[in-house]
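Take a look at the letters that make up each chain.
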Amino acid sequence: MAGGQGRVLELAVLGSLHETPLHGYELRKRLNALLGMFRAFSYGSLYPCLRSLLAQGLIAEEQPAQPPIVGGRSKIVYKLTAEGKERLQDMLTQAGPSAWEDESFGVHFAFFRHTEAEVRLRILEGRRSRLEERLDAVRTALSRTRERLDSYTLELQRHGLESVEREVRWLNELIATERRASEEPERDTTSTDE
């Protein structure tokens, strides 16, 4: 699947199907519920993605066991194949810039429970670094143009700056939590009878 947006949708679909097999409508609902605040997926982008994943052998179609209601269509259920599980794991190990950009960070974050701690930490640190660069650029631009902007534009700039600062604080908390969790000694779950 080509392009950044296509890879993001591919990750979202594979990650959702990793949870349970779904038909197209359920999958779209799950994607919108899971990632709705980041993006809404339309059928116009979902079904071409599903066809591509089918052609690559990453997902398979299943006909439902129950016959359709009279006059209704049977819904095709999509499930992850072994190759799809491997592809998902490969995608979840990628912690480069594409994982922390605005376009894909939310999708990667949504599937952090399936991602190794070291990779989660690299993605969070990369995202924080990218946002800190953005903060510096916005502050510099704002200091140069403050006198030429009207009060509403200044207020909009301030709001954007505060939003990014809030996300950086949130990322700092997540990073600290990840580091504490990785420093905790492994708990011995075996019992000893003495």
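As recorded by an unreviewed UniProt entry, the protein chain carries the name DNA-binding transcriptional regulator, PadR family and is attributed to Nonomuraea jiangxiensis.

(A) Looking closely at the overall build of the protein chain. A count of helical and extended segments in the protein chain gives 8 helices and 3 strands. From first element to last, N terminus to C terminus, the protein chain shows the α and β order α-β-α-α-β-β-α-α-α-α-α. A separation of at least 24 residues holds for 60% of the contacts in the protein chain among residues at least 6 apart in sequence.

(B) Structural context of the sheet that holds strand E1 (residues 22–23). What the 3 strands build is an open sheet, ordered E1-E3-E2; its pairing is antiparallel. Whereas interior strands pair on both sides, the edge strands pair on one side only; in this sheet they are E1 and strand E2 (59–62). Looking at chain direction, E1 and strand E3 (residues 77–80) are connected through 2 bridges and run antiparallel. Bridging across to E3, Leu 22 finds its partner in Tyr 78.

(C) Spotlight on helix H2 (residues 24–35). The end-to-end C-alpha distance of H2, which contains 12 residues, comes to 16 Å, matching closely the 16 Å that a straight helix rising 1.5 Å per residue would cover. For H2, the complete set of buried residues consists of Gly 24, Leu 27, Leu 31 and Leu 35. One side of H2 carries all its buried residues, which in axial view fall inside an arc of 60°.

(D) Geometry of the nonpolar core. In this structure, Val 13, Leu 14, Leu 17, Leu 27, Leu 31 and Ile 59 are the most contacted members of the largest nonpolar core, which totals 25 residues. Mapped onto this core, the elements with two or more residues apiece are helix H1 (4–19), H2, helix H3 (43–55), E3, helix H4 (82–92) and helix H6 (102–110). Apart from the residues within four sequence positions on either side, Leu 27 is in contact with Val 13, Ser 16, Leu 17, Leu 22, Leu 46 and Leu 50.

(E) Main features of H4. Of all the residues in H4, the buried ones are Gly 84, Leu 88, Met 91 and Leu 92. In an axial view of H4, the angular spread of the buried residues amounts to 95°, which keeps them on one side of the axis. Exposed side chains of H4 directed beyond 90 degrees from the buried face belong to Ala 82 and Glu 86.

(F) Highlighting the packing of aromatic side chains. Per the counting criterion, the structure on display carries 4 aromatic pairs. Between the aromatic rings of Phe 109 and Phe 112, the centroid separation amounts to 5.0 Å while the plane-to-plane angle is 50°, which identifies the pairing as tilted. Overall, the relative accessible area of 7% leaves Phe 112 in the buried class. Connected via pairs of aromatic rings, a cluster forms that spans Phe 105, Phe 109, Phe 112 and Trp 170.

(G) Main features of the pairing of E3. Sheet analysis places E2 next to E3, joined by 4 bridges and oriented antiparallel. Bridging across to E3, Ile 59 finds its partner in Leu 80.

(H) Here's a closer look at the pattern of salt bridges. One pass over the structure, following the stated rule, counts 15 salt bridges. The residue Glu 19 makes a salt bridge to Arg 113 at a minimum N-O spacing of 2.8 Å. Residue Glu 19 is located in helix H1, and its partner Arg 113 is located in the loop between H6 and helix H7 (117–145); the two are separated by 94 residues in the primary sequence. The class of Arg 113 is exposed, set by a relative accessible area of 51%. Here Glu 101 ties to Arg 130 by a salt bridge, and the two come within 1.9 Å at their closest N and O atoms. Taken together, the residues span a long stretch of sequence, with Glu 101 in the loop between helix H5 (97–100) and H6 and Arg 130 in helix H7 at a distance of 29 residues. Overall, the relative accessible area of 26% leaves Glu 101 in the partly exposed class. When salt bridges with common partners are traced through the structure, they connect Asp 102, Arg 127, Arg 134 and Glu 167 into a single cluster.

Conventions adopted
- Residues numbered from 1 in each chain as written.
- Predicted model: local features only at pLDDT ≥ 70, side-chain atom pairs only at ≥ 80, totals over all residues.
- Heavy atoms only, no water.
- Helix = DSSP H or I, 4+ residues; strand = E, 2+ residues; numbered from the N terminus.
- Contact = heavy atoms within 4.5 Å.
- Pairing = 2+ DSSP bridges.
- Expected span 1.5 Å × (residues − 1).
- Buried < 20%, exposed > 50% of the residue type's maximum accessible area, 1.4 Å probe, protein only.
- Arc of directions from axis to C-beta.
- Core = buried A, V, L, I, M, F, W, Y, C linked by side-chain atoms within 4.5 Å.
- Phe/Tyr/Trp six-rings, centres within 6.5 Å; stacked < 30°, edge-to-face > 60°.
- Salt bridge = Lys/Arg side-chain N within 4 Å of Asp/Glu carboxyl O.

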